[in-house]
Amino acid sequence: MREKTLKQKIGQMIVAGFPAGELSKDMIRLVREHQVGNVILFSHNIESRDQLKGLCDSIQRLIKEETGEYAFITIDQEGGVVRRLPEGSVNIPGAMALAQTGDKEHAYEAALLTGQELRELGINFNLAPVLDINNNPHNPVIGVRSFGPDSAVVTEYGCEMVKGYLDSGIMCSVKHFPGHGDTAVDSHLSLPCIQKSYEELEQEELIPFKEAFRHGAAAVTLAHILFPRIEKENLPVTMSETMIQGILRNRLGFQGLVISDCLEMNAIKEYFGTALGAKKAIMAGVDLLFISHTADLAAEAAREIEKAVESGEIPMSRIDDAVERILAYKRRYGSTNTDIGKKSQKDPGKFVKSLYRDSIRFTNRGKGYCHLLGENPVFLSCYAYRSTLASSRVMEDLLFASFMQERFGGDSYSFSIDPDTGEINGILEKVKSKGYTDLVLGTYNGHLNRGQSVLAKELEKLEIPMVMAAFRNPYDLDEVGDEVDKIAAYEYSRQSFEAVVPLLKTVRL
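Residues numbered from 1 in each chain as written. Predicted model: local features only at pLDDT ≥ 70, side-chain atom pairs only at ≥ 80, totals over all residues. Heavy atoms only, no water.

**Structural notes on the pattern of salt bridges**
Here is the rule: One side-chain nitrogen of Lys or Arg within 4 Å of one carboxyl oxygen of Asp or Glu is enough to make a salt bridge. Only runs of H or I of at least four residues qualify as helices and only runs of E of at least two qualify as strands under DSSP, and these elements are numbered from the N terminus. With a 1.4 Å probe rolled over the protein chains alone, any residue whose accessible area is under 20% of its type maximum counts as buried; one over 50% counts as exposed, and the rest are partly exposed.
Evaluated as defined, the whole model comprises 32 salt bridges. As a salt-bridge pair, Glu78 and Arg145 come within 2.8 Å of each other at their nearest N and O atoms. Highlighted residues: Glu78 in the loop between strand E3 (72-75) and helix H4 (95-100) and Arg145 in the loop between strand E4 (125-126) and helix H6 (151-168), separated in sequence by 67 residues. The partner of Asp321 in a salt bridge is Arg318, with the nearest N and O atoms 3.5 Å apart. Of the two residues, Asp321 and Arg318 both sit in helix H13 (residues 316-333), three residues apart, roughly one turn of that helix. By relative accessible area, Asp321 is classed as partly exposed at 34%. Judged by relative accessible area, Arg318 falls into the buried class, the value being 9%. Residues joined by salt bridges that share partners form a network here, namely Asp76, Glu78, Arg84, Arg145 and Lys175.

So this is what it looks like as structure tokens:
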């Protein structure tokens, strides 16, 4: 530590990203000029397994040569709707789906396999699992990324995933402290506010985090949320000394890495500015700053922090404390040695298929129930859309309705994410005019896009045998009565579509 310059120390505290499948000139310059020592990868950085492995090798080589330390190569590989790995990789279902399997050992094995896969590809830090309790069904950003609305379930399954990641030999970060579940605002777009006291958080939101810390969670990601009944200075958790030092460090005794969510999210960028937000986050106690997309903003933040240390606004002891903690974890998890960590004995492909099969089911029918399709079914669905910037990019040509038509015959129609009255009436006329024996409806966050809910209710009134499958939050299913066969499917993907197929049968098969 003593031989490192201030610039080198600050560089160890920054995680930056770049926009392509190879290191950009801006990223290389950021490492060379500002000694930035860590990277975050997104879907836009990833084309194939071989390309990803080569990219990670080049990142480690550059950062080791320029800084003398291993890089943290981080990624959001939660599973389900937040996945970054390419086709042919281990891509597990999301948290809510995993909880629906009813077996916490599945969560452990899913994390172990994911960690093993990441390490083989050169990634040593997964920004998962989500420990938010989804206690607001209108939450636009968490939803199925949570294990559910029950703190006991979130705690049990979340802690199993923490153990799985750590056993695989990679870092993981539980998120989003102290809880992002009870918001109706996406912090990528604005600054949420939760009117809860510390005592209220202690009774629910903090329970999974406290237990995860007890199970050895090495890092925690902070939420960009205001808690005005706790932090009186109108500062989000990311910049709150009260929340970080007073609660997280002192009351809860957490000794691991404290990391920010991306400081380019609008909750920070628009209300405070990324560079100022970075400085205030370090002053409050954050160790690792994520500035995930723009090299100029990362460079500006590095300069802002350097000036603040030189002026005495940020004590050097705060920098040294953070860097010592970062380097300690890099010594443990930063190595590119793929032999580190426990290996799962599961066959990845078979195991992941079994997870989808065990999680996707009728929610209002007995186990083993199948909907028997008649001779002339119709399938209806919207295409997927990117409901939050945290979600992975969608496959624009993937349509549930046509996927099912190929397997069962009949007709298929698509509709808009939020169909208006005219579109709804047009669909109803088509369905009524063709004498369909069954209709199968696929929704995607219909409870947040009310046109889908109106369509579902109007289709129900036609009294045609009906199946409704919810391909994101299962709350869509509450919009219709129990005469409809209801399937919770949790994500809009080929894997979830394949898991729905066995729930339907036809005399033609």
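**Description of helix H8 (residues 206-214)**
Applicable threshold: By definition, the arc is the one covered by directions from the helix axis to the C-beta atoms. Contacts are assigned to residue pairs with any non-hydrogen atoms lying within 4.5 Å of each other.
Those residues of H8 that fall on the buried side of the exposure criterion are Leu206, Pro208, Phe209, Ala212 and Phe213. With its buried residues spanning 160° around the axis, H8 presents them on a single face. Looking at the packing, one finds that the buried side of H8 touches H6, strand E5 (171-177), helix H7 (198-203), strand E6 (219-222) and helix H9 (241-251). Phi turns positive one or two residues past the end of H8, at Gly216, with a value near 95°.

**Side note on the sheet that holds strand E11 (residues 377-382)**
Picture the strands of a sheet paired through backbone hydrogen bonds; they go either parallel or antiparallel. Selection criterion: Between any two strands, pairing holds if DSSP finds at least two bridges. Under this scheme, a helix contributes an axis fitted over its contacting stretch, all axes are lines through C-alpha atoms, and angles between N-to-C directions fall in the 0 to 180 degree range.
Pairing within the open sheet is mixed, and its six strands lie in the order E9-E15-E14-E13-E11-E12. Two strands in the sheet have a free side with no partner beyond their single neighbour: strand E9 (361-362) and strand E12 (411-415). This element, helix H15 (residues 400-408), spans E11, E12 and strand E13 (438-443) of the sheet and lies at about 155° to E11. The strands that helix H16 (residues 421-433) touches are E11, E12 and E13; relative to E12, the one it contacts most, it runs at about 175°.

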